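Below are the chains, spelled out letter by letter.
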Amino acid sequence: MGFKQKRWMVEAKRLHSILLLFTLLLGAERAVAFSVVVGKQHPFLFVDKSEVESAKSNVFVRKLPRAVAAYNKLKSRADSALSLSVPYSYGYKENIAEKYGAAGVRLATAYVLTGDTRYAAKAKAILIGLARGFNPSSSTVSYNYYLGFSRNIPMYAHIYDLLYNYLTSSERQLVVNNLLRPAANAVKQYVYDPKSNVRSWHSLAVGCIGFVLEDSTLTKHAVESIGGFKYQVANCIGVDGLWWEATMQYHFFSLSPLALLAEAAAHSGSSENLYTYTSPNGRSLKMMFDAPIQLADAALFLPGNNDSRGDRTLLDQEVYELANKRYSDPQYDWVISKAPSPLYGYVLLEGYTIFGQPYALVTPPSPNRMIHAGVGWATLREDTTPRFWGSQSIMVMLDYGPHGGSHGHADKLNLDITAFGKRLAVDRSNYSYSESMHLTWDRQTLAHNTVVVDKKSQPGAKSMFDSAGVTGRLEFSDQNAGIKVVQASADSAYGIGYRRLVALPAGYVIDIFRLTSSTIRTYDWVMRAGDSDGVLQSSLPGFTAASLGASTDGYQHLTNVQKATTSGTWNVTWQNGAGLRVTIIGRPGTEVFKAVSPGGANRTNIPMVLARRTASSTTFIAVEEPFLSSPVLQVQPFVDTVSAAGVIVQGPVFRDLFVAAHGATASLKAVNPADTMEYVSLSGKYAYVRVNGSSISAYGSLTGFRVKASRITKVSLNGASVPFTSSRGYVKFGS
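Being a predicted model, the structure only gives us computed values, none of them experimental. (Residues numbered from 1 in each chain as written. Predicted model: local features only at pLDDT ≥ 70, side-chain atom pairs only at ≥ 80, totals over all residues. Heavy atoms only, no water.)

Enquirer: Mind showing me how you'd approach the pattern of salt bridges here?
Expert: Side chains that differ in charge, positive against negative, can pair when their charged atoms come close. For the coordinates displayed, the defined rule picks out 29 salt bridges. Across the salt bridge formed by Lys56 and Glu53, the nearest N and O atoms sit 3.6 Å from each other. Placement of both Lys56 and Glu53 in helix α3 (residues 49-61) is noted, with a separation of three residues, approximately one turn of the helix. Overall, the relative accessible area of 42% leaves Glu53 in the partly exposed class. (Salt bridge = Lys/Arg side-chain N within 4 Å of Asp/Glu carboxyl O. Helix = DSSP H or I, 4+ residues; strand = E, 2+ residues; numbered from the N terminus. Buried < 20%, exposed > 50% of the residue type's maximum accessible area, 1.4 Å probe, protein only.)

This is how it looks when you write it as structure tokens:
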């Protein structure tokens, strides 16, 4: 969960001075202190009286289906909680406090909606019981950097707020003096990494207590201190709106407390609207809501990179109820309209299906962002219009960016592929932090769809929460109607030339991985199936049992290893419903390994292919073809030189020629080795030609081509018609 406590306790004073300077420069500390209105009527922390009345109307009068479903679920859970046996006095233990706290929130919410004092009495017993037994100095409170405590104590602040008018004056004093103030002070005094997701929860814990007690000292700490709301908005949200740790799990893990803090501030009559706050460097909370929408695939799954399980979808994020409530942005209506009802995750977010705003049916957003510069992810989609959502369209994601701190993996230039509503080749963490396999498999380079050099992982996989990974570099990107192209490098991963170009025309993926070194190296190109139990088949004969020659860095976990050797073009296919065929252009001495890789408790027998070459330099030229019933593409060699690489792909109704420079640009005439009459002249980064029926569409930096085609009536270059000639079954444009 971030850096070790010892480091931050030792360096606390030095860091505070340095970070205070940066925070002042970024404007996180304002001349006008953050303040709240005092004397408000309870409840007001996360929900107020007008919202309670509106919720009653939505449930009992208007009978809105989503609100009714959420209320019924809430009431069912509250009814079950009535039978809980609650001690007269109990100390803080994380699992007990979480259980009682969640039950108390549901009971107190049911009370304000129904007026049934049975719910209030049981919720009061939960609240008063902890207040009687609470010891802020207990190790169970400070366990794991106060993280669990900071997630649980806001529940008790919420219960206090909802029950305020039910409690006696002496009971309120007991809760405030024995529980809430000591809890806030315990968390407030703790020094921790100000960029950590843990710190986001610290801010919520201190802030929500400050808001409910109308204590500006506490609220100012939560909002304006080093590591508080404004600091994290300025320093932890990237230019793309994504949390700096480059994992969707911790993006939402941080967004939830920040959004709840903004919600509490909005109810408090605060001097500043945190929902609309924009830091001097242009960051805002809203950016965190917007960014994941542009990362979702057609089935609304989110990336599983770094410490994410890879099975969460955009629709699992109940925090969008708050976004839909507070922003006039139709894309949030769309997210909520697609989500099941009711959503349940963190208990403080449960009620917003009832207390939030009904959604409107709107046009889906356009998923047209290709480069997510803050985290260094590139998403290429066949369709960048609203039609993408729910379609069978292909989406590819290339990871080239920052390591992601302690939650990063050694995965530079990993490639994910989704299509037909299925994740065909994806990155995901399969094991929990308590399992050794999280370190020895999940974090290793071999567990990702990239290239392992000399059977060793990239930096960042030596220990649990190893933050010493590397950052790659975006070298090129282009997005147009005919093809999307991106290239990135990560030379520091192994101290060699380490570059991957990915292109997405309609129907398949072109994947060119260029590796250059001054010495002989072993290059293992890896691709794993996205799901378990898929059958891996290969065009190569003669597979025999073999060893990969390594017993560390993840290799020790591969089973059923088989090997074949080839110099020609070959392919492997896996299918479990929708499938993926991977075709790789041949080179002499290529060793092809099939194996079974780990998948965790819920995913076993995940097929994996590894292509090995031993050389100083090499280029893996691959075509990845998603398919629903059976693959249909034929792949031919085109170009494979020190300066460029390319392929020819024949489909049922089209024929493509593609060539790209390894570097920034190249000037060359790429000639089809199987038909020397055909060529494409490149002068720039890439050239792509598609022959389809009576038309030819070309994109990129090409000065001319001659391709085999007949009955052509139109030729276009980058969307504009160009003159051409036809002769003896060939069509020519330019030089």
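Enquirer: What am I meant to see in unusual backbone geometry here?
Expert: The bulk of non-glycine residues show a negative phi, and the bulk of peptide bonds are trans. A cis amide bond links His42 with the next residue in sequence, Pro43, at an omega value of 0 degrees. Position of Pro43 among the secondary structure elements: in the loop between α2 (12-26) and α3. Of note, the phi angle at Glu214 is positive, near 55 degrees, even though the residue is not glycine. Tracing the backbone through its elements, the reader meets Glu214 in the loop between α10 (197-213) and α11 (216-224). The phi torsion at Asp553 lies on the positive side, around 55 degrees, for a residue other than glycine. Structurally, Asp553 can be placed in the loop between β12 (544-545) and β13 (559-566). Its relative accessible area of 19% is what places Asp553 among the buried residues.

Enquirer: For this particular structure, what's the right way to read the pairing of strand β23 (residues 695-708)?
Expert: Remark: a regular strand shows side chains that alternate across the two faces of the sheet. Across ten bridges, the pairing between strand β22 (residues 679-692) and β23 is antiparallel. Note on β23: the bridge partner recorded for Val691 is Ile696. Between the end of β22 and the start of β23, which pair antiparallel, lie two residues, with Gly693 showing a positive phi angle near 65 degrees. In this sheet, strand β24 (residues 714-717) lies alongside β23 in parallel orientation, the contact comprising four bridges. In the strand pairing of β24, Ser695 is matched with Lys714. As paired elements, β23 and strand β27 (residues 730-734) share five bridges and run antiparallel to each other. Along β27, the bridge assignment pairs Gly704 with Gly734. (Pairing = 2+ DSSP bridges.)

Enquirer: Just checking my understanding: could you explain helix α13 (residues 248-268) for this structure?
Expert: Because each turn of an α-helix spans 3.6 residues, side chains separated by three or four positions end up pointing in the same direction. Between its terminal C-alpha atoms α13 stretches 30 Å, which fits the 30 Å expected from 21 residues at 1.5 Å a residue. Of all the 21 residues making up α13, 19 are buried; the element is thus mostly covered by neighbouring parts of the structure. The opening residue of α13 is Thr247, an N-cap whose side-chain oxygen sits 3.2 Å from the backbone nitrogen of Gln249. (Expected span 1.5 Å × (residues − 1). Polar contact = N/O pair within 3.5 Å; in protein donor to acceptor, adjacent residues only side chain to side chain.)

Enquirer: How should I be thinking about the packing of aromatic side chains in this particular structure?
Expert: In this description, an aromatic ring pair is defined by two values, namely the gap between the centres and the angle between the planes. Enumeration over the complete set of coordinates arrives at 31 aromatic pairs. Ring centres of Tyr688 and Tyr699 lie 6.5 Å apart, and the angle between their planes is 25 degrees; this geometry places the pair in the stacked category. Linking Tyr688 in strand β22 with Tyr699 in strand β23, this pair joins segments that are eleven residues apart in sequence. Accessibility assignment for this pair places Tyr688 and Tyr699 in one class, buried. Ring pairing ties together the aromatic residues Phe252, Tyr275, Phe289, Tyr320, Tyr327 and Tyr332, which thus form one cluster. (Phe/Tyr/Trp six-rings, centres within 6.5 Å; stacked < 30°, edge-to-face > 60°.)

Enquirer: Is there a simple way to think about the nonpolar core in this case?
Expert: Burial of nonpolar side chains together is a common tendency in soluble globular proteins. In terms of nonpolar packing, the biggest core is built from 133 residues, with Tyr156, Ile209, Leu285, Phe289 and Tyr320 touching the most fellow members. Broken down by element, the residue count for this core peaks at twelve residues, all from α13. Listed in part, the 64 residues of the second largest apolar core include Val486, Val526, Met527 and Phe620. (Core = buried A, V, L, I, M, F, W, Y, C linked by side-chain atoms within 4.5 Å.)

Enquirer: Is there a simple way to explain the sheet that holds strand β1 (residues 371-372) in this structure?
Expert: Either a parallel or an antiparallel arrangement is found when strands of a sheet pair, and the pairing is made through backbone hydrogen bonds. With antiparallel pairing, the five strands of this open sheet are ordered in space as β1-β2-β3-β4-β5. Lying at the two open borders of the sheet, with one neighbouring strand each, are β1 and β5 (422-425). When strand β4 (residues 414-419) meets β5, the two strands line up antiparallel, connected through three bridges. Each residue of the ladder has a partner; that of Thr418, found in β5, is Arg423.

Enquirer: Would you mind showing me how to read the side chain of Lys412 here?
Expert: Within the element layout of this structure, Lys412 appears in the loop between β3 (395-399) and β4. Here Lys412 falls in the buried class, since its relative accessible area comes to 2%. At 3.1 Å, the side chain of Lys412 forms a polar contact with the backbone oxygen of Gly401.

Enquirer: Help me out: how do you make sense of the confidence of the model for the protein chain in this one?
Expert: Per-residue pLDDT for the protein chain has a mean of 92; in total, 94% of the residues score no lower than 70. Residue range residues 1-31 is modelled with pLDDT below 50. Its contacts to residues more than four positions away, or to other chains, number 57 contacts. (pLDDT = per-residue confidence, 0-100. Contact = heavy atoms within 4.5 Å.)

Enquirer: What exactly am I supposed to notice about the environment of Ala660 here?
Expert: Note that Ala660 resides in strand β20 (residues 654-661). Separated by 470 residues in sequence, Ala660 and Tyr190 place their C-alpha atoms 54 Å apart. Discounting residues that sit within four places of it in the chain, Ala660 has contacts with Leu501, Ser643, Ala644, Ala645, Leu682, Lys685 and Tyr686.

Enquirer: Any chance you could explain the side chain of His251 here in plain terms?
Expert: With respect to the secondary-structure elements, His251 resides in helix α13. Residue class for His251 comes out buried when judged on its relative accessible area of 1%. What His251 contacts, discounting residues up to four positions off in sequence, is Gly241, Leu242, Trp243, Met288 and Pro292.

Enquirer: Just checking my understanding: could you explain α10 for this structure?
Expert: An ideal rise of 1.5 Å per residue puts 24 Å on 17 residues; α10 measures up with 25 Å between its terminal C-alpha atoms. With respect to burial, α10 is a largely interior element, 17 of its 17 residues being buried. Of the residues that open α10, the one with a side-chain oxygen 2.9 Å from the backbone nitrogen of Val198 is Ser196. Taken from the residues just after α10, Glu214 is the one with a positive phi, measuring 55 degrees.

Enquirer: Before we go on, may I ask you to explain the packing of helix α8 (residues 147-163) against α10 in this structure?
Expert: Each pair of packed helices gets described by two things: the angle between the helix axes and the distance between those axes. Axis separation between α8 and α10 bottoms out at 8 Å; the angle between their running directions is 20 degrees. Between α8 and α10, the angle is such that the two are roughly parallel. α10 is crossed by α8, and the crossing has left-handed handedness. Seen from α8, the contacting residues are Leu147, Ser150, Arg151, Ile153, Pro154, Ala157, Tyr160 and Asp161; seen from α10, they are Val198, Trp201, His202, Leu204, Ala205, Cys208, Ile209, Val212 and Leu213. For the contact of α8 with α10, the residue count by class is 13 nonpolar, two polar and two charged. (Axes fitted to C-alpha atoms, helices over the stretch in contact; angles between N-to-C directions. Parallel < 35°, antiparallel > 145°, perpendicular 65-115°, else oblique. Left-handed = near helix turned anticlockwise from the far one by under 90°. Nonpolar A, V, L, I, M, F, W, Y, C, P; charged D, E, K, R; others polar.)

Enquirer: What exactly am I supposed to notice about the state of the cysteines here?
Expert: What is meant by a disulfide is a covalent connection between two cysteines, made through their sulfur atoms. In total, this model carries zero disulfides according to the counting rule given. The thiol of Cys208 is unpaired, and the distance to the nearest cysteine sulfur, on Cys236, comes to 20 Å. You can call Cys236 buried: its relative accessible area is 0%. (Disulfide = S-S within 2.5 Å.)

Enquirer: Please explain the environment of Tyr359 as it appears in this structure.
Expert: Among the secondary structure elements, Tyr359 is positioned in the loop between α18 (352-355) and β1. By relative accessible area, Tyr359 is classed as partly exposed at 34%. In this structure, Tyr359 is in contact with Arg66, Asn324, Asp333, Ile336 and Ser337, ignoring residues within four places of it in sequence.

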